[in-house]
Amino acid sequence: MKRGTILINAYATSESELYSVKRLKEELDTLGIQTEIRRNVLVSRLDTDFCIYLDKDKYAGELLEKSGLRLFNRPEAIADCDDKMRTYMKLDGFPMPDTLAGPLCYLPNEPVKEELIDGVVSRFGLPVVVKECFGSLGKGVYKADTMEQLREIAEQVKCKPHLFQKFIAGSAGRDVRVIVIGGKVFSAMLRTSQTDFRSNVELGGKGEKYELARDRITLCEAVARRLNLDYCGIDLLFGEDGFLVCEVNSNAFFGGMERVTGLNVARAYAEHIINEIYGENV
């Protein structure tokens, strides 16, 4: 009997995440894989052929991999994507917005240094984007339009890993989300928002099917290879001289992508896993 496990965060409740979980189980079951959904509560071993790891707990992931289990994605790849600054460093040489790591403060009562504020504005100008290094669905991403706003945001995030990034004006309220499966671009959609500089569908953005040019397909596939990802969502920004890689999400939700494009993301991911584990082309 062929068996698989989908391991999700112990506290997962979002509709977007649970949709992806349900769809993956449906397609794996259809393809003859008895699939169990489990929450990641004190899990260090699993009696299964493989695990689709839809959590970001790097410790549990590494323990499972150490036991000999094949995870999709691998723990190191998930960790590289989960930390936005680590992603930026791993993708050295790829077109990305100019970025600086924010200094971490260990003394909450110590005010943000004015030399930091001056240095960020000198480097990037205004507006400038500030991001917490850990966060999904557009959470922990801020835009500072003035020095005062920048000072307030910097004060808010100073004790958390964070970064400062050049604001890409030509991409305000719009980007392209690309799904890559098994090293190949599978689908893409243009995301737009009329009310927010972030275009996430979960924040009210709208999606429509988007056709990628060959050079952009090549870019996304190279990003997935660099990060050793079986599956990912890559966000591209509209830069002055072409697309820029903004972020890479190892556990990208795909409900919006399936609805907008009509493509079966879950089936494609399931087929890739079956080919990797059993050597079977479905």
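Structural data are supplied above this passage.
Reading the values: rules and limits
Counting restarts for each chain: residues are numbered from 1 in the order of the written sequence. With the structure being a predicted model, the display of local features is reserved for residues of pLDDT at least 70 and the display and counting of side-chain atom pairs for 80 or more, all residues being used for whole-chain, interface and lining totals. Side-chain metrics in this entry use all non-hydrogen atoms of the structure; hydrogen atoms and water are not considered. For the purposes of this entry, the term helix denotes a DSSP run of H or I that reaches at least four residues, the term strand denotes a run of E that reaches at least two, and both are numbered from the N terminus. Each residue is assigned to one of three classes by its accessible area relative to the maximum for its type, calculated with a 1.4 Å probe on protein chains only: buried under 20%, partly exposed between the two thresholds, exposed over 50%. It is the directions from the helix axis to the C-beta atoms whose arc is reported. The contact rule is simple, with two residues in contact once any of their heavy atoms fall within 4.5 Å. Note on terminology: pairs of cysteine sulfur atoms within 2.5 Å are recorded as disulfides. Whether two strands pair depends on DSSP finding at least two bridges between them. Here a polar contact means two N or O atoms within 3.5 Å. Within protein one must be a hydrogen donor candidate and the other an acceptor candidate, and residues neighboring in sequence count only if both atoms are side-chain atoms. To get an axis, a line is fitted to the C-alpha atoms, and for a helix only the part in contact is used. The angle between two axes follows their N-to-C directions and goes from 0 to 180 degrees. To sort the angles, those under 35 degrees are grouped as roughly parallel, those over 145 as roughly antiparallel, those from 65 to 115 as roughly perpendicular, and the leftovers as oblique. With the far helix as reference, a near helix turned anticlockwise by less than a right angle produces a left-handed crossing, and one turned clockwise produces a right-handed crossing. Asp, Glu, Lys and Arg are counted as charged, while Ala, Val, Leu, Ile, Met, Phe, Trp, Tyr, Cys and Pro are counted as nonpolar; the rest, among them Gly, fall into the polar class.

Look at the link from Phe72 to Asn73: it is a cis peptide, with omega at -5°. Considering the arrangement of structural elements, one finds Asn73 in the loop between β4 (71–72) and α3 (75–82). Cis peptide bonds are those with omega within 30 degrees of zero, and the linkage from Leu126 to Pro127 qualifies with 0°. Secondary-structure assignment places Pro127 in the loop between α5 (114–124) and β6 (128–132). Positive phi outside glycine occurs at Leu42, with the angle close to 55°. Relative to the helices and strands, Leu42 is located in the loop between β2 (34–39) and β3 (50–54). Of note in this structure, Asn228 is not a glycine but carries a positive phi near 60°. By the secondary structure assignment, Asn228 is in the loop between α7 (214–226) and β12 (231–239).

This brings us to α5. Listed in full, the buried residues belonging to α5 are Ile117, Val120 and Phe124. Along the axis of α5, the buried positions cluster into a sector of 65°, meaning they face one direction only. Facing away from the buried side of α5 by over 90 degrees, the exposed positions are Glu115 and Ser122. Looking at the buried positions of α5, the neighbouring elements they touch are β5 (99–101), β6, α6 (147–157) and β8 (162–166).

Moving on, we get to the state of the cysteines. This structure, assessed with the given rule, holds 0 disulfides. Left without a disulfide partner, Cys246 is nearest to the cysteine sulfur of Cys220, which lies 12 Å away. Residue Cys246 is classed as buried on the basis of its relative accessible area of 16%.

Once that is clear, we can look at the pairing of β3. Burial of β3 is extensive: 5 of the 5 residues sit out of reach of the surface. The side-chain alternation of β3 yields two buried faces, one formed by Phe50, Ile52 and Leu54 and the other by Cys51 and Tyr53. Bridging between strand β1 (residues 3–8) and β3 involves 5 bridges; their strand directions are parallel. For Ile6, the partnering residue across the bridge sits in β3 and is Ile52. Two elements, β3 and β4, share 2 bridges in a ladder whose sense is parallel. Its bridge partner lying in β4, Cys51 is registered against Leu71.

Further remarks concern the side chain of Ser250. With respect to the element layout, Ser250 can be found in the loop between β13 (242–249) and α8 (255–261). The buried category is assigned to Ser250, whose relative accessible area is 2%. Not counting residues up to four positions away in its chain, the partners in contact with Ser250 are Asn73, Ile78, Cys81, Leu229, Tyr231 and Cys232.

Right, let's talk about the environment of Asn9 for a bit. Tracing the backbone shows Asn9 in the loop between β1 and α1 (15–30). Taking relative accessible area as the criterion, Asn9 reaches 27% and is therefore assigned partly exposed. Once residues within four sequence positions are removed from consideration, Asn9 is found in contact with Glu17, Arg39, Asn40, Leu54 and Asp55. A polar contact of 2.8 Å, which involves the side chain of Asn9, links it to the backbone nitrogen of Tyr11. Within the local environment of Asn9, its side chain forms a polar contact with the side chain of Asp55, the two groups lying 3.0 Å apart.

We now examine the sheet that holds β6. Strand order in the open sheet formed by 4 strands is β5-β8-β6-β7, with antiparallel pairing between adjacent strands. The sheet is open, and its two edges are formed by β5 and β7 (141–144), each paired on a single side. Strand-to-strand twist of the sheet, defined as the mean angle between neighbouring strand axes without regard to direction, takes the value 25°. Inspection of the sheet shows β5 paired to β8 by 3 bridges, in the antiparallel sense. Note on β8: the bridge partner recorded for Ala101 is Leu163. Sheet contacts for α6: β6, β7 and β8; angle to β7, the most-contacted strand, approximately 155°.

Let us now look at the packing of α5 against α6. When two helices pack together, their arrangement is given by the angle between the helix axes and by the axis-to-axis distance. In the contact formed by α5 and α6, the axes pass within 10 Å of each other and the chain directions differ by 125°. Classified by the angle their axes make, α5 and α6 are oblique. Where α5 crosses over α6, the two elements pack in a sense that is right-handed. Residues Glu114, Ile117, Asp118, Val120 and Val121 of α5 lie in contact with α6, whose contacting residues are Met147, Leu150, Arg151 and Ala154. Of the residues that constitute the contact of α5 with α6, the class distribution is 6 nonpolar, no polar and 3 charged.

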